[in-house]
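Listed here are the chains, written in short residue letters.
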Amino acid sequence: MLEHRSCSGTFVVNVTQSSYQAEENQNITLEWTFTIKKEMTLTSLYILCELFTDLKHFTLFQLHEGVEVPESQDEHFAGRVQFDKDVLREGRIRLHVSRLRTDDSGLYLCEVKTNYGVSYGECRLNVTVSPSYLQSPPCRPTMLSSLNLVTIVSVFISSSRGYSR
């Protein structure tokens, strides 16, 4: 079941996917759909997409009267969110989030207001650490050659002889 809430009977925002799973440093596309009517104009469209975590909430994207408001975006997402304006007139909100981080995990809520209704949809994203990050190369002990070892021991003995108590 896709999550949505509506404040008016005929206007609905849905998510195309209610749950996403991804790994750190991957890219993902989050998408919501909303009811469109002939009388809809971009200047009557307000969109606010946010991330809610246990600790904080972040503004991911904002559109005010059909115009993107980049200064409202939280620095957590700076340079990592791209909005696909071409699909907006079809009643779709598509956000491309790049270079995912584990702290991008949480509840994503997108609220849409038009001149004929208000509604929101929500989805969850879980970002895990990449398995390649967890598998570090085995440690290899460095072998000292006999000559290097003799040199180190000699230097140590020489310096200890000059030590006075």
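Residues numbered from 1 in each chain as written. Predicted model: local features only at pLDDT ≥ 70, side-chain atom pairs only at ≥ 80, totals over all residues. Heavy atoms only, no water.

**A closer look at the confidence of the model for the chain**
Low pLDDT means the predicted coordinates in that region are not meant to be read closely. Scored by pLDDT, the chain has a mean of 82; 75% of the residues are at 70 or more. Of the regions scoring below 50 in pLDDT, residues 1-8 engages in 25 contacts with residues more than four places distant in sequence or in other chains. Per-residue pLDDT stays below 50 along residues 138-160; that stretch engages in two contacts with residues further than four places along the chain or on separate chains. (pLDDT = per-residue confidence, 0-100. Contact = heavy atoms within 4.5 Å.)

**A short note on the side chain of His76**
Position of His76 among the secondary structure elements: in the loop between strand S7 (67-68) and strand S8 (81-83). The residues contacting His76, other than those within four sequence positions of it, are Phe58, Arg101, Asp103 and Asp104. (Helix = DSSP H or I, 4+ residues; strand = E, 2+ residues; numbered from the N terminus.)

**Let's talk about the packing of aromatic side chains**
Enumeration according to the criterion identifies four aromatic pairs in this entry. Ring pairing ties together the aromatic residues Phe11, Phe34 and Tyr116, which thus form one cluster. (Phe/Tyr/Trp six-rings, centres within 6.5 Å; stacked < 30°, edge-to-face > 60°.)

**Let's talk about the pattern of salt bridges**
One pass over the full model with this rule turns up five salt bridges. Of the charged contacts, one joins Arg92 and Glu31 as a salt bridge, the two residues approaching to 2.8 Å between their closest N and O atoms. Of this pair, Arg92 sits in strand S9 (residues 92-97) while Glu31 sits in strand S4 (residues 28-34), and the two are 61 residues apart along the sequence. Its salt-bridge partner being Asp104, residue Arg80 comes within 2.9 Å of it at the nearest N-O pair. With Arg80 in the loop between S7 and S8 and Asp104 in the loop between S9 and strand S10 (106-114), the pair connects residues that are 24 residues apart, well separated along the chain. Ionic contacts of the salt-bridge type, sharing partners, join the residues Glu31, Asp84, Glu90, Arg92 and Arg94 into one network. (Salt bridge = Lys/Arg side-chain N within 4 Å of Asp/Glu carboxyl O.)

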